Amino acid sequence: MAAQVSKNLPMMVNAQVQATAVAAAGKTIMYKYNVLITAADINKSRLKNDHYENAVNGMCSSPGIANLFKQGAVVTYQFYDSRNSFLFEFSLSHSDCRVSR
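Sequence positions are assigned chain by chain, starting from 1 and proceeding in written order. In keeping with the predicted nature of the model, local features appear solely for residues at pLDDT of at least 70, side-chain atom pairs appear and are counted solely at 80 or more, and the whole-chain, interface and lining totals rest on all residues. Based on all heavy atoms of the structure, the side-chain values leave hydrogens and waters out of the count.

A description of the pairing of strand β3 (residues 28–35) should follow, citing residues and the corresponding values.
Here, any two strands with at least 2 DSSP bridges between them count as paired. A run of H or I in DSSP becomes a helix once it reaches four residues, and a run of E becomes a strand once it reaches two; helices and strands are each numbered from the N terminus. Both strand β2 (residues 17–25) and β3 contribute to a ladder of eight bridges, which runs antiparallel. Paired with Val 17 across the two strands is Val 35, which belongs to β3. Taking the residues between adjacent antiparallel strands as the criterion, β2 and β3 are bridged by two residues, where Gly 26 takes a positive phi near 60°. In the sheet, β3 pairs with strand β4 (residues 74–80) via seven bridges, with the strands oriented parallel. Within β4, the residue paired with Tyr 33 across the bridge is Phe 79.

This is the structure:
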């Protein structure tokens, strides 16, 4: 799955966020995003909340990902600023889908 998604990267998620990489190791799928502005200009809390909600809605509604979650998979999202400095990360698992639905 990661290899398939990688073929379409980099890809703009919105006007300020670009998906730049995806990798899989064991039961973990990791997505890397770059925010096209510097950390000083980013409202990290809002950005994290917005992307968490979007990720839950997207991943939990995907039958393929829901099946992976049931098998113990975890999806991790890492965000970096325009200088490639780490901002934050969050992870989703099966329990996030049950809570949100």
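Now, about the pattern of salt bridges: what can you tell me, with residues and values included?
A pairing counts as a salt bridge when a side-chain nitrogen of Lys or Arg comes within 4 Å of a carboxyl oxygen of Asp or Glu. Counted according to the given criterion, the structure contains one salt bridge. For Asp 50, the salt bridge is made with Arg 46, and the minimal N-O distance between the two is 3.8 Å. Of this pair, Asp 50 and Arg 46 both sit in helix α2 (residues 44–60), four residues apart, roughly one helical turn.

Tell me about the nonpolar core, residues and numbers included.
Remark: nonpolar core denotes a set of buried residues (Ala, Val, Leu, Ile, Met, Phe, Trp, Tyr, Cys) joined through side-chain atoms within 4.5 Å. Buried, partly exposed and exposed residues are distinguished by accessible area as a fraction of the type maximum, computed with a 1.4 Å probe on protein chains only: under 20%, between the cut-offs, and over 50%, respectively. Grouped together as the largest cluster of nonpolar side chains are 24 residues, with contacts concentrated most on Tyr 31, Met 59, Tyr 77, Phe 79 and Leu 92. Residue assignment for this core shows that the elements contributing at least two residues are β2, β3, α2, α3 (63–70), β4 and β5 (86–92). Sort the elements by how many residues they give to this core and α2 lands first, with five residues.

Any chance you could break down the pairing of β2 for me, citing the residues and the numbers?
With two bridges joining them, strand β1 (residues 11–12) and β2 adopt antiparallel strand pairing. When the sheet's bridge partners are listed, Met 12 is paired in β2 with Gln 18. Counted between consecutive antiparallel strands, the loop separating β1 from β2 contains four residues.

Any link to function would need more than the numbers given here.
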